Amino acid sequence: MIKVDHLSKRYAEVYAVDNISFEVNQGEILGLLGPNGAGKTTTMRILTCYMPATSGTATVAGYDVFRDSINVRKQIGYLPENVPLYPEMRVKEYLSFRAKLKKVPYRERKLKIAECIEKCRIKEVQNQIVGTLSKGYRQRVGLADTLVHDPKILILDEPTIGLDPNQIRQVRQLIKELGEKHTILLSTHILPEVEIICGRVIIINKGKIVAMDTPANLATQLRGGNNVILEVRGNGENIKNALSSINGVTKVVWHDRGEIGNYTVEAEKSMDIREDIFSTVIKNNGIIREMKQAPITLEEIFHQITMQEQEVTA
Amino acid sequence: MTSVSTIFQREINAYFLSPVAYVVIAVFMVFSGYFFSIMLGITQETTLRYSLAYTQFILSILTPVITMRLFAEENKTGTIEPLMTAPVTDFEVVFGKFLAAWALYSVMVVPTAFYIIFLAWTGNPDYGAIVASYIGLILMGGLFVSIGLLVSAVTKNQIVAGVIGIVALLILLVIGLASSGGEGWFYNGLRYIGTYDHWDTFTKGIVDTRDVVYYVSFTALLIFVVVRIVESRRWR
């Protein structure tokens, strides 16, 4: 649905987006992840025809963003960062204005607006003046606006920024639901968000793509070690030595807390050593109080990737 | 073209939902009323000609107040982004905004029609000259609005847009006035560029094609330039 080919955008001497290529397939929710200033907004602005690329091409639903801009704009619903709205209008009025602007036929307009209000759960504020709305409602009015002409593609720039935890959950839920019908490209710098919502992630840093995969794959690829965390009652010294001798274990860290000890066992990437650990501990008269695989979060991946980059460039 | 009317409607609503429209209309009525009564007292003539000559200065100050928000506000609050990423052409946006401001300008000058009733009651005015004056007034409004629109399109700051607009309009007015009586191509050129001479013909009751062409072509040129400015964001 979206195809980006060697796209670059230069501001004066600085490349905001530097030769990136990616594709968003139909029905997919793709997350664009990166620190502030990584080039996420610039990429989205190019795709929504708000600004042109310095070089490279991008097509949205088969239309070129530069040459066929009006057709591209008909296919997309765009939620800009911080959701700029006209403060003096009422919610329904605003949606009606946007629907007209997006050429929703007169007969369907009322129905479409009602649908969007329903979907985005803004019924209770539909007659309120936009300027008096809370951030969460503004965000949802913005989302309703992106949906009003029933676009194939949604481009959402930091849709959950500045919301409180409950609102974030609501908006995420909403995006997930929308993902069933629309192709979505969303940007964020909040990591758990992509894990929850997105089928695929692109990590971008300083205008370049540094990684592109599913959140789960990224996690396994980048997992430096395979860590298991243990809490065991028993003779600490013995258990530590026994754990170290398990096939594949590279390192054991032991925190002695008297009767009970905490261990972190590192093993080689591909091996699952949990069952071996279990039997080893039993053999050494230990009682396992807790055992879990240390989760590697996107947070760590993100940190690793962006840090590696910096080391390379430094 | 439906987008033009959509944008026109929104802009008109924005004017009347904010105090802008009311303040501008009220200020205009106060000053034009003042000049009307003063000039009527001095000249004892049943004509709008002299009071409208002064009205030009008020219009040069008030028109940029009408137009200053058109693009500057959208640039500042970022609403320009959803607007320009909707399937509308740059021309439709610019023209819709232009028409809305021009309409408000026209609404602003309508209450002066009361003076005509007053003149008819006290004497025997020349209606032809009055009609011509109003045609001139509206045409001049188009030019003033397009200049204000141009200034608003290049800035994020409404106040800057307003002040520069006022200065630009006053210069345009003054160069015509200041060069009156001067001879040679330089003064003739200034008089042609300035609005004063063109406007003066209308108030005398003459609708000269040259003056109509001046206003219409100047306005069209400026709208074209504004469209290019709005579009230029797509080249950078």
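Whatever comes next refers back to the structure up there.
This report concerns the structure included in the present document. Only a predicted model underlies this, so the values are computations on that prediction, with no experimental measurement involved.

Some details on the overall build of chain B
Right, so step 1: In terms of regular secondary structure, chain B is built from 12 helices and 0 strands.
Right, so step 2: Ordered by position from the N terminus, the helices and strands of chain B form the series α-α-α-α-α-α-α-α-α-α-α-α.
Right, so step 3: At 18 Å, chain B has a C-alpha radius of gyration in line with the 18 Å of a compact globule built from 236 residues.
Right, so step 4: Projecting the C-alpha coordinates of chain B onto the three principal axes gives extents of approximately 55 × 45 × 30 Å.
Right, so step 5: By the burial criterion, 42% of the 236 residues in chain B qualify as buried.
Right, so step 6: Considering only contacts in chain B between residues 6 or more positions apart, those separated by 24 or more positions represent 76%.

Brief notes about helix H8 (residues 127–153) of chain B
Right, so step 1: Taking 1.5 Å of rise per residue, 27 residues should cover 39 Å, and H8(B) covers 39 Å from first to last C-alpha, within 8% of that figure.
Right, so step 2: A large share of H8(B) lies buried, amounting to 20 of its 27 residues.

Here we look at the interface of chain B and chain A
Right, so step 1: Counting from both sides, the interface comprises 21 residues of chain B and, opposite them, 21 residues of chain A.
Right, so step 2: Looking at the side of chain B that touches chain A, the elements that each hand over two or more residues are helix H1 (2–17) and helix H5 (80–84) of chain B.
Right, so step 3: The dominant element in the side of chain B that touches chain A, judged by the number of residues it contributes, is H1(B), at 5 residues.
Right, so step 4: Residue composition of the side of chain B that touches chain A, grouped by class: 8 nonpolar, 8 polar and 5 charged.

Section: the packing of H1(B) against helix H6 (residues 90–109) of chain B
Residues and elements named next belong to chain B.
Right, so step 1: As a packed pair, H1 and H6 sit with axes 8 Å apart at the nearest point and diverge in direction by 45°. The orientation of H1 relative to H6 falls into the category oblique. Here H1 runs over H6; the crossing is right-handed. Residues Ser3, Val4, Ile7, Phe8, Glu11, Ile12 and Tyr15 of H1 form the contact with H6, whose own contacting residues are Glu92, Val93, Phe95, Gly96, Lys97, Leu99, Ala100, Ala103 and Leu104.
Right, so step 2: Split into classes, the residues belonging to the contact of H1 with H6 amount to 11 nonpolar, 2 polar and 3 charged.

Points about the packing of H8(B) against helix H11 (residues 196–203) of chain B
All names here are of chain B.
Right, so step 1: One way to put it is that H8 packs onto H11 with a least axis distance of 7 Å and a crossing angle of 150°. As the angle between them shows, H8 and H11 are arranged roughly antiparallel. Packed against H8, whose contacting residues are Ala132, Ser133, Ile135, Gly136 and Met140, the element H11 presents Trp199, Phe202 and Thr203 at the interface.
Right, so step 2: The residue makeup of the contact of H8 with H11, split by class, is 5 nonpolar, 3 polar and no charged.

Some points on the environment of Ile20(A)
Residue and element names in this part refer to chain A.
Right, so step 1: If you trace the backbone, isoleucine 20 turns up in strand E2 (residues 14–24).
Right, so step 2: For isoleucine 20, a count of 23 C-beta atoms within 10 Å translates into the label buried.
Right, so step 3: Taking the C-alpha atoms as reference points, isoleucine 20 and methionine 51, separated by 31 residues in sequence, lie 16 Å from one another.
Right, so step 4: If sequence neighbours within four positions are ignored, isoleucine 20 has contacts with Val4, Leu7, Ile204, Lys208 and Ile209.

Focus on the sheet that holds strand E5 (residues 63–64) of chain A
All names here are of chain A.
Right, so step 1: Across the sheet, 4 strands lie side by side as E2-E1-E4-E5; this open sheet has antiparallel pairing. Looking at the sheet topology across the chains shown, the edges are occupied by E2 and E5.
Right, so step 2: As defined by bridge partners, strand E1 (residues 2–11) adjoins strand E4 (residues 55–60) across 5 bridges and the pair is classed as antiparallel. Each bridged residue has a counterpart across the sheet, and for aspartate 5 the counterpart in E4 is threonine 57.
Right, so step 3: The strands touched by helix H1 (residues 40–47) within the sheet are E1, E2 and E4, with E1 carrying the most contacts at an inclination of about 120°.

A look at helix H2 (residues 20–43) of chain B
Residue and element names in this part refer to chain B.
Right, so step 1: With 24 residues, H2 extends 34 Å from end C-alpha to end C-alpha; this agrees with the ideal 34 Å at 1.5 Å per step.
Right, so step 2: Three or more residues of H2 are buried, namely Val24, Phe28, Ser32, Phe36, Met39 and Leu40.
Right, so step 3: Contacts made by the buried residues of H2 are with helix H3 (49–67), H6 and helix H7 (113–122).
Right, so step 4: Immediately downstream of H2, the backbone of glutamine 44 shows phi near 55°, a positive value.

A short note on unusual backbone geometry
All names here are of chain A.
Right, so step 1: Even without being glycine, aspartate 150 reaches a positive phi, approximately 55°.
Right, so step 2: Topologically, aspartate 150 is positioned in the loop between helix H5 (135–147) and strand E7 (153–157).
Right, so step 3: For aspartate 150, a count of 14 C-beta atoms within 10 Å translates into the label partly exposed.
Right, so step 4: Look at asparagine 285: it is not a glycine, yet its phi comes out positive at around 60°.
Right, so step 5: Mapped onto the elements of the fold, asparagine 285 is located in the loop between helix H10 (274–283) and strand E14 (287–293).

Here's the deal with the sheet that holds E7(A)
Residues and elements named next belong to chain A.
Right, so step 1: Taken in spatial order, the 6 strands make up an open sheet running E6-E7-E8-E3-E9-E10, and their pairing is mixed. Bordering the open sheet on either side are strand E6 (76–79) and strand E10 (208–213), each of which pairs with just one other strand. Across the sheet, the mean angle separating the axes of adjacent strands is 15° when strand polarity is ignored.
Right, so step 2: Sheet topology note: the E7/strand E8 (residues 183–188) ladder contains 5 bridges and is parallel. Bridge pairing in E8 places isoleucine 155 opposite leucine 185.
Right, so step 3: Packed on one face of the sheet, H1 meets strand E3 (29–33), E7, E8 and strand E9 (200–205) and runs near 150° to E7.

Description of the nonpolar core
Right, so step 1: Core analysis: the biggest nonpolar cluster contains 122 residues, and Ala144(A), Ile155(A) and Ala101(B) have the highest contact counts within it.
Right, so step 2: It is H8(B) that contributes the most residues to this core, 13 residues altogether.
Right, so step 3: Setting aside residues up to four positions removed in sequence, Ala144(A) forms contacts with Leu95(A), Cys116(A), Ile117(A), Cys120(A) and Ile122(A).
Right, so step 4: Counting residues in each nonpolar core, the second largest holds 13 residues, with Tyr263(A), Ala267(A), Ile273(A) and Val281(A) among its members.

Some words on the environment of Ile155(A)
All names here are of chain A.
Right, so step 1: Summarising the element assignment, isoleucine 155 is placed in strand E7.
Right, so step 2: Judged by the 26 C-beta atoms lying within 10 Å of it, isoleucine 155 falls in the buried class.
Right, so step 3: Sequence separation between isoleucine 155 and arginine 45 is 110 residues, and the spatial gap between their C-alpha atoms is 9.5 Å.
Right, so step 4: Setting aside chain neighbours within four positions, we find isoleucine 155 in contact with Met44, Leu47, Thr48, Ile76, Tyr78 and Leu185.

Quick notes on the rules
Residues numbered from 1 in each chain as written. Chains lettered and ligands numbered in written order. Predicted model: local features only at pLDDT ≥ 70, side-chain atom pairs only at ≥ 80, totals over all residues. Helix = DSSP H or I, 4+ residues; strand = E, 2+ residues; numbered from the N terminus. Rg over C-alpha atoms; globule rule 2.2 N^0.38 Å. Buried ≥ 20, exposed ≤ 12 C-beta atoms within 10 Å, placed from the backbone. Contact = placed C-beta atoms within 7 Å. Expected span 1.5 Å × (residues − 1). Nonpolar A, V, L, I, M, F, W, Y, C, P; charged D, E, K, R; others polar. Axes fitted to C-alpha atoms, helices over the stretch in contact; angles between N-to-C directions. Parallel < 35°, antiparallel > 145°, perpendicular 65-115°, else oblique. Left-handed = near helix turned anticlockwise from the far one by under 90°. Pairing = 2+ DSSP bridges. Core = buried A, V, L, I, M, F, W, Y, C linked by C-beta atoms within 7 Å.

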